[in-house]
Amino acid sequence: MGVEGGMKCVKYLLFFFNFIFWLCGLTLIVLGVLVQVAVHNTVVINNVSASSAPIVLIVVGVVVFFIAFFGCCGAWKESYCMVTMFSLLLGLIIITEIGAAIAGYVFRGNLTVIVHESLNDMVTKYSNGTDEFQKALDNLQIDLKCCGVINATDWRGNFGPGTNSVPDSCCVNDTAGCGQGAMEDSRKVHQMGCQTVVEELLKKNIMWVIVAALVIAFLQIMGIIFACMLMRGIRSGYEVM
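Residues numbered from 1 in each chain as written. Predicted model: local features only at pLDDT ≥ 70, side-chain atom pairs only at ≥ 80, totals over all residues. Heavy atoms only, no water.

### Quick notes on the overall build of the protein chain
Per the secondary structure count, the protein chain includes 6 helices and 0 strands. Traced from its N-terminal end to its C-terminal end, the protein chain shows the element sequence α-α-α-α-α-α. Out of the 241 residues belonging to the protein chain, those deemed buried represent 43%. Across the protein chain, contacts joining residues at least 24 apart in sequence account for 71% of those joining residues at least 6 apart. (Helix = DSSP H or I, 4+ residues; strand = E, 2+ residues; numbered from the N terminus. Buried < 20%, exposed > 50% of the residue type's maximum accessible area, 1.4 Å probe, protein only. Contact = heavy atoms within 4.5 Å.)

### Brief notes about the state of the cysteines
Applying the stated criterion across every chain, the model contains 3 disulfides. Each sulfur of the disulfide joining Cys146 and Cys194 lies 2.0 Å from the other. One quick way to see it: the torsion about the S-S bond of Cys146 and Cys194 is about 90 degrees, and its sign makes the bridge right-handed. Taken together, the residues Cys146 in the loop between helix H5 (131–144) and helix H6 (194–236) and Cys194 in helix H6 connect sequence positions 48 residues apart. Neither Cys146 nor Cys194 differs from the other in exposure class; each is buried. (Disulfide = S-S within 2.5 Å.)

### A short note on the nonpolar core
Formed by 29 residues in total, the largest nonpolar core has its most connected members in Leu137, Cys147, Trp155, Val166, Val189 and Val198. Where this core is concerned, the elements lending two or more residues are helix H3 (80–109), helix H4 (111–125), H5 and H6. By residue number, the principal contributor to this core is H6, which donates 7 residues. Judged by nonpolar contacts, the second largest core, of 24 residues, contains Val10, Leu14, Ile93 and Leu230. (Core = buried A, V, L, I, M, F, W, Y, C linked by side-chain atoms within 4.5 Å.)

### A closer look at the packing of H4 against H5
Contact geometry for H4 and H5: axes closest at 10 Å, N-to-C directions at 125 degrees. The angle between the axes of H4 and H5 places the two elements in the oblique class. Our pair here, H4 against H5, has a crossing hand that is left-handed. Here Leu119, Met122, Val123 and Lys125 of H4 come into contact with H5, specifically with Phe133, Leu137 and Leu140. Tallied by class, residues from the contact of H4 with H5 come to 6 nonpolar, no polar and 1 charged. (Axes fitted to C-alpha atoms, helices over the stretch in contact; angles between N-to-C directions. Parallel < 35°, antiparallel > 145°, perpendicular 65-115°, else oblique. Left-handed = near helix turned anticlockwise from the far one by under 90°. Nonpolar A, V, L, I, M, F, W, Y, C, P; charged D, E, K, R; others polar.)

### Some thoughts on the UniProt feature "transmembrane region" (unreviewed entry) in the protein chain
Per the UniProt record, "transmembrane region" (unreviewed entry) is found at residues 12–35, 55–76, 88–107 and 206–231. Along residues 206–231 the backbone is 100% helical and 0% strand, and the end-to-end C-alpha distance reaches 37 Å. (UniProt positions renumbered as here; feature names shortened; annotations may be inferred.)

### Observations regarding a nonpolar patch on the surface
Where nonpolar side chains cluster on the molecular surface, the patch consists of Ile98, Ile102, Val106 and Leu214 and spans about 340 Å² of accessible area. At 3 residues, H3 tops the list of elements feeding residues into the nonpolar patch. The class of Val106 is partly exposed, set by a relative accessible area of 45%. (Patch = residues over 30% accessible without salt bridge, like charges linked within 9 Å, V, L, I, M, F, W, Y side chains within 5 Å. Areas by Shrake-Rupley, 256 points an atom, 1.4 Å probe, with all protein chains shown as cover. Salt bridge = Lys/Arg side-chain N within 4 Å of Asp/Glu carboxyl O.)

### Thoughts on the pattern of salt bridges
Under the criterion given, the structure shown has 4 salt bridges. Taking the shortest distance from any N to any O, the salt bridge between Asp185 and Arg187 comes out at 3.3 Å.

### Examining the confidence of the model for the protein chain
In this model, the protein chain carries an average pLDDT of 78, and 86% of its residues clear a pLDDT of 70 or more. H5 holds the highest mean pLDDT among the elements of the protein chain, 88, whereas helix H1 (residues 2–42) holds the lowest, 71. (pLDDT = per-residue confidence, 0-100.)

### Re the side chain of Gln195
Checked against the element boundaries, Gln195 lands in helix H6. The class for Gln195 is buried, based on a relative accessible area of 9%. Within polar-contact distance, the side chain of Gln195 engages the side chain of His116 at 2.8 Å. The residues contacting Gln195, other than those within four sequence positions of it, are Thr112, Val115, His116, Leu119, Val149 and Ile150. (Polar contact = N/O pair within 3.5 Å; in protein donor to acceptor, adjacent residues only side chain to side chain.)

### Regarding the side chain of Glu199
Structurally, Glu199 can be placed in helix H6. For Glu199, a relative accessible area of 10% puts it in the buried group. Not counting residues within four places of it along the chain, the set of residues in contact with Glu199 comprises Leu111, Thr112 and Val115.

### Some points on unusual backbone geometry
For residues other than glycine, phi is negative in most cases, and the peptide bonds are mostly trans. Of note in this structure, Lys145 is not a glycine but carries a positive phi near 55 degrees. The exposure class assigned to Lys145 is exposed, which follows from its relative accessible area of 52%.

Structure follows, in structure tokens:
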């Protein structure tokens, strides 16, 4: 009788953890989308690792979202096959999440070089870039109140040999022509470069992804433990209702 009561408790715990997994899947989707938007709205980074972690988390979030329902059905029907499949799929998801966390950590460690190269490339190509390309960098500088890569002098010569002009988006008050010849005028132009600001923003977002992936992986390990306990009870032929 004690075993039956224990299995019943495990069954409902598995239901509870599946509800948590459903919320975790939703959380992963939201976090993945937010980080993906942050990465591509703050700077055009031509690096695969910049997008890999958030994209993996979005995919994993969708899969976890549906696996949670699969686990609930297996527990409700007391199906050994379904609960086993649930455990195996969850195990694969955990490995994927840990991989995404590692990818995010590696990308976070290389962030300085990646952001510097990306911003420097954007500044160099700005004058001959398309309107959309120029608008992306302008929006970055306006939103983050920064100018250039390290500082405003990165724009020197960009609008012609020896010129000390910067894009109007560098100005404290963005008005037409405000950046002409005003590169080193701190009253008119933001002197702080965008690299530091972008790094801090992306590191903050990536850290949230890493923490979320590891916490959710831990919860899922607990779910696998409960699923294995339920599988053992079903295989032994105990009544868990």
